[in-house]
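Fold and geometry: a report
Given next are the chains, with one letter for each unit.
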Amino acid sequence: MPPTRETSRLTRSPGRLLAFSDGVFAIAVTLLVLEIQPPHDFGNLVQGLAALWPSYLAYTLSFLLIGQVWVNHHVMFDRVRHVDRGVLFLNTLLLMVIAFLPFSTSLLADALRAEQGLRASVVVYGGTLWTAAALFNIVWAHLRRATLLDPGLGPFGARAIGRRFALALLWIGSGILVGAFVPIAGVAIIAAFLPAYYLPIRGEYGEDDTAVEQPAG
C-alpha cells in the first residue's frame, strides 16, 4: 500500500535540506573574497593595499553575518523533526537571499570607496539582511504551525527562539532606517547585531520548560 500524503510528509528527513543549505552558505562566504581585487600598482603596493579598506570591512562584516545566519539556521533545524514542501520552498527562498549577499557586499564596498551612493548601498545591504531575517521568521512560524518541531522543545524554548528571530527584524530595520540618512551609523547598528546573535538562546534546548514542569517541593 502506498504511503498516505500525511505519512510521506512526516517522514521527510531534514538531512538533505541541511546539506544543500550548508553548501550554499559555504559558496556564499567563498564568493565574498572575490570582491577584493589586488592593486595593480606594485610600486606603491602598501598604499594600494591600505586603500582596499572598504573591501576588507565589507568582507569581514558579511562573512560574520553569513556565519551568524548559518549558526542560527542550525539552531532552528536542530529542533526540526521533519520537513514538508512548505519548508523546502521557504528555505530555498532564504538561500536565494543569502546567495545575493555577495553582490550587496560588493555594492557597499564600492560605494564606500567612491564615497558616493552610500545611502542607497546601505539600504540595499540592510534590505538583503532584513529579507533573510523575515524569511527566518516565516520558516519558524511554519514549522510551529505545521507541528514539525521536535516534541522535546517545549513552549518556552519555542517562544525564546521565535523572539530572537523577531528581534532581528527590528534591529536590522533600525539600521536600514538610520543608514538611509547616516550611512556609517546604519552600518554600525547592523554590525552591533553580530555579537548578540552569536550568543546561545536561553531555553533553546528546552531546559527552562523542564524546570517549569517539575513540581515544587
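Residues numbered from 1 in each chain as written. Predicted model: local features only at pLDDT ≥ 70, side-chain atom pairs only at ≥ 80, totals over all residues. Heavy atoms only, no water.

With that settled, the discussion passes to the packing of helix α2 (residues 15-32) against helix α4 (residues 53-77). Contact geometry of α2 with α4 gives a least axis separation of 9 Å together with a crossing angle of 170°. Considering the angle they form, α2 stands roughly antiparallel to α4. In contact with L17, L18, S21, D22, F25, A28, V29 and L32 of α2, α4 contributes Y59, S62, F63, I66, V69, W70, H73, H74 and F77. The residue inventory of the contact of α2 with α4, partitioned by class, reads 12 nonpolar, 4 polar and 1 charged. (Axes fitted to C-alpha atoms, helices over the stretch in contact; angles between N-to-C directions. Helix = DSSP H or I, 4+ residues; strand = E, 2+ residues; numbered from the N terminus. Parallel < 35°, antiparallel > 145°, perpendicular 65-115°, else oblique. Contact = heavy atoms within 4.5 Å. Nonpolar A, V, L, I, M, F, W, Y, C, P; charged D, E, K, R; others polar.)

Right, let's get into a nonpolar patch on the surface. On the surface, a nonpolar cluster with roughly 580 Å² of combined accessible area is contributed by F42, L45, L49, W53, Y56 and L57. Of all the secondary structure elements, the ones that give two or more residues to the nonpolar patch are α3 (45-50) and α4. Among the elements that line the nonpolar patch, the one with the most residues is α4, at 3 residues. With respect to the helices and strands, F42 occurs in the loop between α2 and α3. (Patch = residues over 30% accessible without salt bridge, like charges linked within 9 Å, V, L, I, M, F, W, Y side chains within 5 Å. Areas by Shrake-Rupley, 256 points an atom, 1.4 Å probe, with all protein chains shown as cover. Salt bridge = Lys/Arg side-chain N within 4 Å of Asp/Glu carboxyl O.)

Per the UniProt record, "transmembrane region" (unreviewed entry) is found at residues 17-36, 56-75, 87-108, 120-143 and 164-194. As a span, residues 17-36 carries 80% helix and 0% strand, and end to end its C-alpha atoms are 31 Å apart. Helix makes up 100% of residues 56-75 and strand makes up 0%, while its end C-alpha atoms are separated by 28 Å. (UniProt positions renumbered as here; feature names shortened; annotations may be inferred.)

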